[in-house]
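# Descriptive structure summary
Chain residues, written in single-letter form:
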Amino acid sequence: ARVTDLKSCVIVLRVLRDLCNHQPVWEPLKGWPLELICEKAIATCNRPLGPGEALRRVMECIASGILLPGGPGLHDPCEREPRDVLMHLSAQQADALTQSAQHALRLIAFGQLYKVLNMDPLPANKASPRLLEGLCVSLQASVWFHLSGLVSSLSSA
């Protein structure tokens, strides 16, 4: 309910739910823990985030080690007593999640989000021949203008 005002949070939740369903490492975060992590990571930012920035922020939070033993954990705001939602998570699972998030961040940083999402890369945009032709004409005119200015300044000197 708290994430409905955060449009990018809903999108990131959908992406991460898919990740939980297709990558066994992420399976322990399914459900409420995933919603809590996303909401806390995105809502604590001082400005609205787009979906890409929001995904990166959530990955940064997980990659920082908050799930590791000795870390702050993930407290349930619905419980009166402080309770870690991920207390069932083993140290090995927490480490695997942290490493996976770190790897995902590296891929995102190098423009390989498609690998994180387990999909084919988008085709590269090819410039249309008309655009390239216009660019060549424009460059030729620009070079001619600069050369003619240079020649006229040399001849007047």
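Here's a quick rundown of the structure. (Residues numbered from 1 in each chain as written. Predicted model: local features only at pLDDT ≥ 70, side-chain atom pairs only at ≥ 80, totals over all residues. Heavy atoms only, no water.)

## A word on the overall build of the chain
- Across its full length, the chain carries six helices and zero strands.
- Ordering the α and β elements of the chain from the N terminus gives α-α-α-α-α-α.
- Summed over all atoms, the accessible surface of the chain reaches about 10800 Å², with 59% contributed by carbon and sulfur. (Helix = DSSP H or I, 4+ residues; strand = E, 2+ residues; numbered from the N terminus. Areas by Shrake-Rupley, 256 points an atom, 1.4 Å probe, with all protein chains shown as cover.)

## Overview of the pattern of salt bridges
- The full count for this structure, using the stated rule, is three salt bridges.
- The shortest N-O distance in the salt bridge between Glu 35 and Arg 17 comes to 3.4 Å. With a gap of 18 residues between them, Glu 35 in helix H2 (residues 32-43) and Arg 17 in helix H1 (residues 7-22) connect regions that are remote in the sequence.
- On the basis of relative accessible area, Glu 35 is assigned to the partly exposed category, the value being 26%.
- A salt bridge links Arg 56 to Glu 60; its shortest N-O distance comes to 3.5 Å. With Arg 56 and Glu 60 both in helix H3 (residues 51-63) and four residues apart, this pair spans about one turn of that helix. (Salt bridge = Lys/Arg side-chain N within 4 Å of Asp/Glu carboxyl O. Buried < 20%, exposed > 50% of the residue type's maximum accessible area, 1.4 Å probe, protein only.)

## Regarding the packing of H1 against H2
- Running from N to C, H1 and H2 cross one another at 145°; their axes reach a closest spacing of 10 Å. Crossing hand, H1 versus H2: right-handed. Across the interface between the two elements, Ser 8, Cys 9, Val 12, Leu 13, Leu 16, Arg 17 and Cys 20 from H1 touch Leu 34, Glu 35, Cys 38, Glu 39 and Ile 42 from H2.
- Looking at side-chain class alone, the contact of H1 with H2 contains eight nonpolar, one polar and three charged residues. (Axes fitted to C-alpha atoms, helices over the stretch in contact; angles between N-to-C directions. Left-handed = near helix turned anticlockwise from the far one by under 90°. Contact = heavy atoms within 4.5 Å. Nonpolar A, V, L, I, M, F, W, Y, C, P; charged D, E, K, R; others polar.)

## A closer look at helix H4 (residues 91-109)
- Here H4 is 19 residues long and its end C-alpha atoms lie 27 Å apart, about the 27 Å a rise of 1.5 Å per residue gives.
- Looking one or two residues beyond H4, the residue adopting positive phi is Gly 111, at roughly 70°. (Expected span 1.5 Å × (residues − 1).)

## Focus on unusual backbone geometry
- Positive phi values are uncommon outside glycine, yet Asn 118 reaches one of about 55°.
- Mapped onto the elements of the fold, Asn 118 is located in the loop between helix H5 (113-116) and helix H6 (129-156).

## Some words on the environment of Ala 101
- When you line up the elements, Ala 101 lands in helix H4.
- For Ala 101, a relative accessible area of 0% translates into the label buried.
- Separated by 42 residues in the primary sequence, Ala 101 and Met 59 have C-alpha atoms spaced 5.4 Å apart.
- In contact with Ala 101, other than residues within four places in its own chain, are Trp 26, Met 59, Ile 62 and Ala 63.

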